[in-house]
Amino acid sequence: MAKASTGTLYRGNEGMWSWVAHRVTGVGIFFFLLVHVLDTALVRVSPEAYNAVIGTYKTPVMAFGEIALVAAIAFHAFNGLRVILVDFSKSGPKNQKKLFWGVMILWLIIMIAFIPRQLMHTFGG
């Protein structure tokens, strides 16, 4: 008879999904920074090309990309603090589920505050 799995801290629960989201947002932020450094360096090579690239950033599609970027940065930052608490606090592992939901609440507050401002800025409202 197979023994029922007692699970681990991360397998299939909030901890696992926050781990996956932390990695995905980290990679996304890395690629944003890479593109940002490259497009900023373009100003030294060709100011006209730089202006053209910057012009594409002022579109509504890119405004939604900026919302995604802020969402990724906010989640990654708050979840990073959660990881520190889980890893370095004696009560962290047993409270990791509460910490995860705390991250989600903080993230939601930031996004609720940011999205209307970004949309007003983009669409002139």
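Here, residues in each chain are numbered from 1, in the same order as that chain's written sequence. Thresholds applied to this predicted model are a pLDDT of at least 70 for local features of residues and 80 or more for the giving and counting of side-chain atom pairs; totals over whole chains, interfaces and linings are not thresholded and use all residues. Side-chain metrics rest on all non-hydrogen atoms present in the structure, leaving aside hydrogens and water.

*Asks:* In this structure, what is going on with the pattern of salt bridges? I would like to understand it.
*Replies:* It is possible for side chains bearing opposite charge to pair when their charged atoms get close. By definition, a salt bridge exists where a carboxyl oxygen of Asp or Glu is found within 4 Å of a side-chain nitrogen of Lys or Arg. Tallied over the entire structure, the rule returns one salt bridge. With a closest N to O distance of 3.9 Å, Lys97 and Glu14 form a salt bridge. Of this pair, Lys97 sits in helix 4 (residues 96-123) while Glu14 sits in helix 1 (residues 14-45), placing them 83 residues apart in sequence. Under the relative-accessibility criterion, Lys97 is labelled partly exposed at 47%. Per-residue accessibility, obtained with a 1.4 Å probe over protein chains only, is compared with the maximum for each type, and a residue is labelled buried under 20%, exposed over 50%, and partly exposed between these values. Exposure remark for Glu14: the relative accessible area of 16% places this residue in the buried category. Every helix listed is a DSSP run of H or I at least four residues long, and every strand listed is a run of E at least two residues long, numbered separately from the N terminus.

*Asks:* Can you walk me through the layout of surface pockets in this structure?
*Replies:* Unfilled space is identified by rolling a water-sized probe across the atoms. Here a cavity means grid points, on a 1 Å grid over the protein atoms only, where a 1.4 Å probe fits yet cannot get out; a pocket means an open set of points with protein on both sides within 12 Å along at least five of seven lines; lining residues are those with an atom within 4 Å of a point. Grid points are joined across faces, edges and corners, and a volume is the space filled by probe spheres set on the points. In this structure, the largest pocket spans a volume of roughly 240 Å³. As for the largest pocket, its lining consists of Phe32, Val35, His36, Asp39, Thr40, Tyr50, Ile54, Tyr57, Met62, Gly65, Glu66 and Leu69. Mapped by element, the contributors of at least two residues to the lining of the largest pocket are helix 1, helix 2 (47-56) and helix 3 (60-88). Looking at the lining of the largest pocket, the element that brings in the most residues is helix 1, giving five residues.

*Asks:* Honestly, the packing of helix 1 against helix 2 in this entry has me stumped. Any pointers?
*Replies:* Pairs of packed helices are described in terms of their axes, by the angle between the two and the distance that separates them. Every axis corresponds to a line fitted to the C-alpha atoms, with the helix fit spanning only the stretch in contact, and the corresponding angles, defined between N-to-C directions, vary from 0 to 180 degrees. Orientation of helix 1 relative to helix 2, taken along the N-to-C sense of each, is 150°, at an axis distance of 6 Å. Across the interface between the two elements, Asp39, Thr40, Leu42, Val43 and Val45 of helix 1 pack against Pro47, Ala49, Tyr50 and Val53 of helix 2. Polarity classes work like this: nonpolar for Ala, Val, Leu, Ile, Met, Phe, Trp, Tyr, Cys and Pro, charged for Asp, Glu, Lys and Arg, and polar for all others, with Gly in that last group. Looking at side-chain class alone, the contact of helix 1 with helix 2 contains seven nonpolar, one polar and one charged residues. In this description, contact between two residues means that some pair of their heavy atoms is separated by no more than 4.5 Å.

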